[in-house]
Amino acid sequence: MKISVIGTGYVGLVTGVSLSEIGHHVTCIDVNQDKVAKMQQGISPIYEPGLSEMMTKNINENRLSFTTDHRQGLKHSDVIYIAVGTPENHDGSADMSYVIQAARDIAENIQQNVIVVTKSTVPVGTNDMIKQTIQSHMAANLQMEVVSNPEFLKEGSAIHDSFHGDRIVIGAESEYASNVIEQINQPFGVPIFKTDIKSAEMIKYASNAFLATKISFINEISNICELLGANIENVSTGMGLDQRIGSQFLKAGIGYGGSCFPKDTKALIQIAGNVEYEFELLKGVVNVNKKQQGILIGKLNDCLPILTGKRIAVLGLAFKPNTDDMRESASIRVTEELIKQGAHVIAYDPIAMGNAKSILNPLVEYADSIEEAIADSEAALILTDWDEIKNIELALFKTMKKPLVIDGRNCFSLEAVESNGIEYHSIGRPV
Ligand code: NAD
Ligand code: UGA
């Protein structure tokens, strides 16, 4: 199969590289020239474990190439994937402008019949709109079909997820198109669920909204645990043993961030609103998350009511470990609030500092190591549970002015911090 992928962000690049790894010939197209120049040299523009190696291998074996030229990139392709961004509009709805542009790019450049596969997360009905857009702009003698094939990978384990996912969802209008996409994906060995297009589009939003709901639910339980003296770690473990509940996504913390849960929950509220349905539960999930992202500052202020001129270390900036993605990370809000209260903020992240520098308040300073960040600090806030942070020698905190650690990810056992004489406040656990 000759395949093209439009958009080489987290999803497009991982899709292109994985499809080439299972033997397809893939051309990835992106409008960003710097990105394409890097990828042509085998350099991944994003940090994703295992991605660079697999990318270089498939470039060298002539199955994978990159271009900024849609005409050249779409030439002779049987199947074209759309993997462009669907960011948030001001009103919370999904911005479809990149998807529409990609559809126009396809229509204006194809010279053969194609199947267009939508990987981007798009509101129910979008694939119909993509089809109409392409058909009304393409050459009259051509034929095309659309397939919804939403992506479920997680950043930080994207390659692993592509080869070991729980399911591949294929929503198609014809058996022919559904079978073609099934055959393409067969070598992944992941269970395939075939359905209609609208249901496939909804499966993606419903899945993300459900996972976000689990997180907001456990965060609320953790807040109640704090008031009652229970321990959220024990509660999550005990709940997760029930297979109907499941143990995953029950880790309390400082709320969900990232490029998808925040925007997709708001988009689903809008999608429901457009058909005059008020999604009350999901509105609650979003509000709880907003509150939870501010919880660490409250805990810090309980210990240090005045932060003016105080050196505060922030450990972990990415929205989760193993990624350099800063989109919607709690660190944006936390560092902003610290600066607003006059604190001197010293931040450290093993991978995301490059991206953080272009996003966080310019008054944030950066340390080269955890040791440098915490030395002489009056408090250390933990925002991301990187292994490097979880494996820290606890005695190191004694190099602080006074060892005060506010941990948003429950990285350490209560016994270990107590035996090291650290004042420690975490999420949903007794002080
Ligand atoms: P991204 O913003 O990281 O990347 C999008 C890329 O598309 C950019 O490089 C941009 O330059 C390129 N692009 C935009 N318009 C183009 C055009 N007309 N032609 C060629 N290139 C174009 O996006 P992402 O994080 O990969 O997300 C893509 C979609 O997948 C979104 O709908 C998102 O919700 C969904 N999704 C993302 C993830 C994730 O982990 N990031 C997981 C599952 C689903
Ligand atoms: C999420 C979904 O897990 C993917 O299935 C989906 O494809 C993707 O969104 C998407 O549509 O983009 P991702 O955002 O990469 O993936 O990361 P997650 O591991 O889901 O974490 C999201 C946020 O929730 C992080 O801030 C994380 O710290 C937080 N989280 C996660 C918790 O607070 N507790 C948990 O138990 C799990």
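This one's a predicted model, so the numbers in the text were calculated from it and none came from an experiment.

Undergrad: Talk me through the site of ligand 2; I want residue IDs and the actual numbers.
TA: Taken together, 21 residues form the shell around ligand 2, and within it E155, K251, Y256, G258 and C260 come nearest. With 3 residues, the single largest contributor to the shell around ligand 2 is helix α9 (residues 197–228). For the shell around ligand 2, a count of residues per class yields 10 nonpolar, 6 polar and 5 charged. Residue assignment places the shell around ligand 2 across two domains, with domain 1 (2–195) and domain 2 (204–292) each supplying three or more.

Undergrad: Describe in detail the environment of I170, supporting the description with residues and values.
TA: Following the sequence through the fold, I170 ends up in strand β7 (residues 168–172). Overall, the presence of 24 C-beta atoms within 10 Å leaves I170 in the buried class. In sequence terms I170 and S331 are 161 residues apart; their C-alpha atoms lie 36 Å from each other. The contacts of I170, once residues within four sequence positions are left out, are V147, N149, S178, I181, E182, I192, K194 and A200.

Undergrad: So, the sheet that holds β7: which residues are in play, and what are the values?
TA: Taken in spatial order, the 8 strands make up an open sheet running β3-β2-β1-β4-β5-β6-β7-β8, and their pairing is mixed. Of all strands in the sheet, those bounded by a partner on one side alone are β3 (64–67) and β8 (192–195). Each strand of the sheet is rotated relative to its neighbour by a mean of 25°, with strand direction disregarded. As judged from the 5 bridges shared by strand β1 (residues 2–6) and strand β2 (residues 25–29), these two strands associate in the parallel manner.

Undergrad: Describe helix α6 (residues 126–137), and please don't skip the residues or the numbers.
TA: Between the first and last C-alpha of α6 there are 17 Å, a value that for 12 residues agrees with the 16 Å anticipated at 1.5 Å per step. Every buried residue of α6 is listed here: T126, N127, I130 and I134. When α6 is viewed along its axis, its buried side chains cluster within an angular range of 100° and face the same direction. When the buried face of α6 is taken as reference, the exposed residues oriented beyond 90 degrees from it are Q132 and S136. Buried-residue contacts for α6 involve α5 (97–109), β5 (114–118), β6 (144–148) and α9.

Undergrad: Run through unusual backbone geometry, naming residues and quoting values.
TA: At E276, a position not held by glycine, the phi torsion is positive, near 60°. Turning to its location among the elements, E276 is positioned in the loop between α11 (261–274) and α12 (280–293). Notably, E328 is not glycine yet its phi reads approximately 55°, a positive angle.

Undergrad: Give a description of the environment of F319 that names residues and reports values.
TA: The residue F319 is located in the loop between β9 (311–315) and α14 (330–340) in this model. F319 sits in the buried class, given 28 other C-beta atoms within 10 Å. When the C-alpha positions of F319 and Q243 are compared, they lie 28 Å apart, and in sequence the two are 76 residues distant. Filtering out sequence-adjacent residues up to four positions away, F319 remains in contact with G257, G258, D325, M326, R327, E328 and S329.

Undergrad: Can you tell me about the site of ligand 1, naming the residues and giving the values?
TA: Around ligand 1, the surrounding shell holds 27 residues, and the nearest of these are G7, G9, G85, S120 and T121. Residue composition of the shell around ligand 1, grouped by class: 11 nonpolar, 11 polar and 5 charged.

Quick notes on the rules
- Residues numbered from 1 in each chain as written.
- Chains lettered and ligands numbered in written order.
- Predicted model: local features only at pLDDT ≥ 70, side-chain atom pairs only at ≥ 80, totals over all residues.
- Near = placed C-beta within 6 Å.
- Helix = DSSP H or I, 4+ residues; strand = E, 2+ residues; numbered from the N terminus.
- Nonpolar A, V, L, I, M, F, W, Y, C, P; charged D, E, K, R; others polar.
- Domains from an automatic or database assignment.
- Buried ≥ 20, exposed ≤ 12 C-beta atoms within 10 Å, placed from the backbone.
- Contact = placed C-beta atoms within 7 Å.
- Pairing = 2+ DSSP bridges.
- Axes fitted to C-alpha atoms, helices over the stretch in contact; angles between N-to-C directions.
- Expected span 1.5 Å × (residues − 1).
- Arc of directions from axis to C-beta.

On their own, these measurements won't tell you what the molecule is for.
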